[in-house]
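# A structural walkthrough
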Amino acid sequence: MRAARAKARREMAIAEKRFAKRSRELFLEEIGATVRSASPFLIALLASDGLTLDDVVGQIVPGYGWPQRPRIPSGNRSWKMRKHAFRHVRAALRADDPFEILSMHGASVDLSSYTSAKVHIVAHSIEVRARLKTVTFSTRFGVLRIALGRCLPDTLAIGCVGRLVEEVVDHASLRGSGWLITDIETSENGATLIVKTGSVAYRMPWAR
């Protein structure tokens, strides 16, 4: 019985290694086929720490429940397009939702001057959420949100709209970007700057 049990353990260990390897291959194939763009802020953020996006994308791991989740809607083409658009809007509005974040494919990245930073995939785009002391930077589909962690006087908040973000927030990843603050949101948690960055074309290194 001991010999039979030992053999079963060995065979299971081999099978698990093969399964893990194949799962990783399939995951890389999927994100290689689907990722088409990236946040330019993410690229600038990594560059300010001496990194490139190619340096970190290989660390991305599947989100919770993959490949069963997140579920992809089915139906006719027009319905798909509506669902696709709705998913993008929902992701933009719920950028800080814990379950949304848990279900995203992503990787934590060590950056010297940040409390935390996570690179993640949202639909076809590679985005980022990073925290520096009380300030949180998060991106979605060409928009950068900078949560300041404090309130601003109304006159100062109004004056921010239309200005270059680098004139308001001094950070290496923003300098020379030319990105404009298009709006400002206020809540009991503080002010959030809405910055239009656009997106840049990007393909995974193994899919080029």
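Above this text is the structure in question.
How each quantity is defined
- Residues numbered from 1 in each chain as written.
- Predicted model: local features only at pLDDT ≥ 70, side-chain atom pairs only at ≥ 80, totals over all residues.
- Heavy atoms only, no water.
- Salt bridge = Lys/Arg side-chain N within 4 Å of Asp/Glu carboxyl O.
- Helix = DSSP H or I, 4+ residues; strand = E, 2+ residues; numbered from the N terminus.
- Buried < 20%, exposed > 50% of the residue type's maximum accessible area, 1.4 Å probe, protein only.
- Pairing = 2+ DSSP bridges.

### Re the pattern of salt bridges
- Tallying each qualifying case throughout the model produces 6 salt bridges.
- With a closest N to O distance of 2.9 Å, Glu-185 and Arg-145 form a salt bridge. Placement of the pair is Glu-185 in strand β7 (residues 180–187) and Arg-145 in strand β6 (residues 143–147), with a sequence separation of 40 residues.
- Overlapping salt bridges, with partners in common, bring together Arg-22, Glu-25 and Glu-29 in one network.

### Considering the pairing of strand β5 (residues 135–140)
- Here β5 lies mainly inside the structure; 6 of its 6 residues are buried.
- Covered by surrounding structure in β5 are Val-135, Phe-137 and Thr-139 together with Thr-136, Ser-138 and Arg-140, the residues of both alternating faces.
- In terms of strand pairing, strand β4 (residues 125–132) meets β5 through 4 bridges, oriented antiparallel. Pairing of Ala-130 across the sheet is with Phe-137, part of β5.
- A loop of 2 residues connects β4 with β5, the two strands running antiparallel in sequence, and Lys-133 in this loop sits at a positive phi of about 55°.
- With 5 bridges joining them, β5 and β6 adopt antiparallel strand pairing. Residue Phe-137 lies in a different strand from β6, and its bridge partner there is Ile-146.

Keep in mind these numbers describe shape, not what the thing actually does.
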